[in-house]
Amino acid sequence: FFMKVSTKGRYGLRLVLELAQNEGKGVIPLREIAKKQAISEKYLEQIIMTLSKNGIVKSVRGANGGYMLSKKAEEITCGEVLRVLEGPLVPVDCVGDNGYCDRADECLSRGLWVKLRKAIDEVVDNTTLKDLLDHAPNK
């Protein structure tokens with residue numbers, strides 16, 4: 001088993017990046033995001049509910065309704081978004097928050113998994129949505 005980010009995590013990141021690109025321009029309808037990102041609107045509805053429930057996005061109802069980030073793009077990390085959608089970002093279960101292994105004291109490979117988890121956390125927790133926008137390939 002090796003950590004792999006699912007389509008839910010990848011699409012969720014694309015969704016919030018789309019909102020980040022439109023920061024300050026009001027709310028964006030989900031159908032517009034779905035069309036621009038070529039992702040099913042039904043699938044994005046499931047993702048946006050989770051993001052909304054966890055305070056990453058906020059919704060505005062009505063004819064001119066849509067979604068926007070609940071905080072500034074520089075205040076939202078990729079780790080925050082991915083953990084909401086994916087759960088713990090761990091390479092193997094035994095180094096997860098609730099991970100337990102009765103062989104931990106004698107496991108020769110555990111050190112590698114601990115280092116890898118720290119490296120993953122370091123990258124995703126120190127990369128904001130704004131960082132990704134600032135380093136976009138078409139900039």
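The structure we're discussing is the one just above.
Before going into details, it helps to say that this report is about the structure given with it. Because the structure is a prediction, the values reported are computed rather than measured. (Residues numbered from 1 in each chain as written. Predicted model: local features only at pLDDT ≥ 70, side-chain atom pairs only at ≥ 80, totals over all residues. Heavy atoms only, no water.)

## Quick notes on the nonpolar core
Put simply, the rule reads: We call a set of buried Ala, Val, Leu, Ile, Met, Phe, Trp, Tyr and Cys residues a nonpolar core when their side-chain atoms join them within 4.5 Å. Relative accessible area decides the class of each residue, using a 1.4 Å probe on protein chains only: under 20% of the type maximum gives buried, over 50% gives exposed, and in between gives partly exposed. Put simply, DSSP marks the helices as runs of H or I at least four residues long and the strands as runs of E at least two long, and each gets a number from the N terminus on. Every residue pair with non-hydrogen atoms within 4.5 Å of one another is taken to be in contact.
Core analysis: the largest hydrophobic core is formed by 26 residues, its most contacted members being Leu15, Val16, Leu51, Val57, Leu69 and Leu129. For this core, the secondary-structure elements that each account for two or more residues are helix H1 (7-21), helix H2 (30-37), helix H3 (41-53), strand S2 (66-69), helix H4 (78-86) and helix H6 (129-134). Looking at this core, the element that brings in the most residues is H1, giving six residues. Discounting residues that sit within four places of it in the chain, Leu15 has contacts with Leu30, Ile33, Leu44, Ile47, Ile48 and Leu51.

## Concerning the pairing of S2
Put simply, the test is: At least two bridges found by DSSP between two strands are what make those strands a pair.
By the bridge criterion, four bridges tie strand S1 (residues 57-60) to S2 in an arrangement that is antiparallel. When the sheet's bridge partners are listed, Ser59 is paired in S2 with Tyr67. Where S1 folds back on S2, the antiparallel hairpin that results is connected by five residues, among which Gly62 adopts a positive phi of roughly 115°.

## Here's the deal with unusual backbone geometry
Of note in this structure, Ala38 is not a glycine but carries a positive phi near 55°. Within the fold, Ala38 resides in the loop between H2 and H3. A relative accessible area of 70% places Ala38 in the exposed class.

## Section: the packing of aromatic side chains
Basically, it comes down to this: A pair of Phe, Tyr and Trp rings is counted when the ring centres sit within 6.5 Å of each other, with Trp represented by its six-membered ring. The angle between the planes then sorts it: under 30 degrees is stacked, over 60 is edge-to-face, the rest tilted.
By the definition in use, this model includes one aromatic pair. Ring geometry for Tyr11 and Tyr43: centres 5.7 Å apart, planes at 75°, overall edge-to-face. Of this pair, Tyr11 sits in helix H1 while Tyr43 sits in helix H3, placing them 32 residues apart in sequence. Under the relative-accessibility criterion, Tyr11 is labelled partly exposed at 22%.

## Some details on the packing of H3 against H4
Heads up, the rule is: Geometry is summarised by axes, namely lines fitted to C-alpha atoms with helices restricted to the contacting stretch, and by angles between N-to-C directions that run from 0 to 180 degrees. Put simply, a crossing is left-handed when the front helix is turned counterclockwise from the back one by less than a right angle, and right-handed when it is turned clockwise. Residue polarity follows a fixed list, in which Ala, Val, Leu, Ile, Met, Phe, Trp, Tyr, Cys and Pro are nonpolar, Asp, Glu, Lys and Arg are charged, and the others, Gly among them, are polar.
Taken N-terminus to C-terminus, the directions of H3 and H4 make an angle of 115°; their axes are 10 Å apart at the nearest point. The chirality of how H3 crosses H4 is right-handed. From H3, Ile47, Thr50 and Leu51 reach across to H4, where they touch Val81, Val84 and Leu85. Looking at the contact of H3 with H4 residue by residue, the class counts come to five nonpolar, one polar and no charged.

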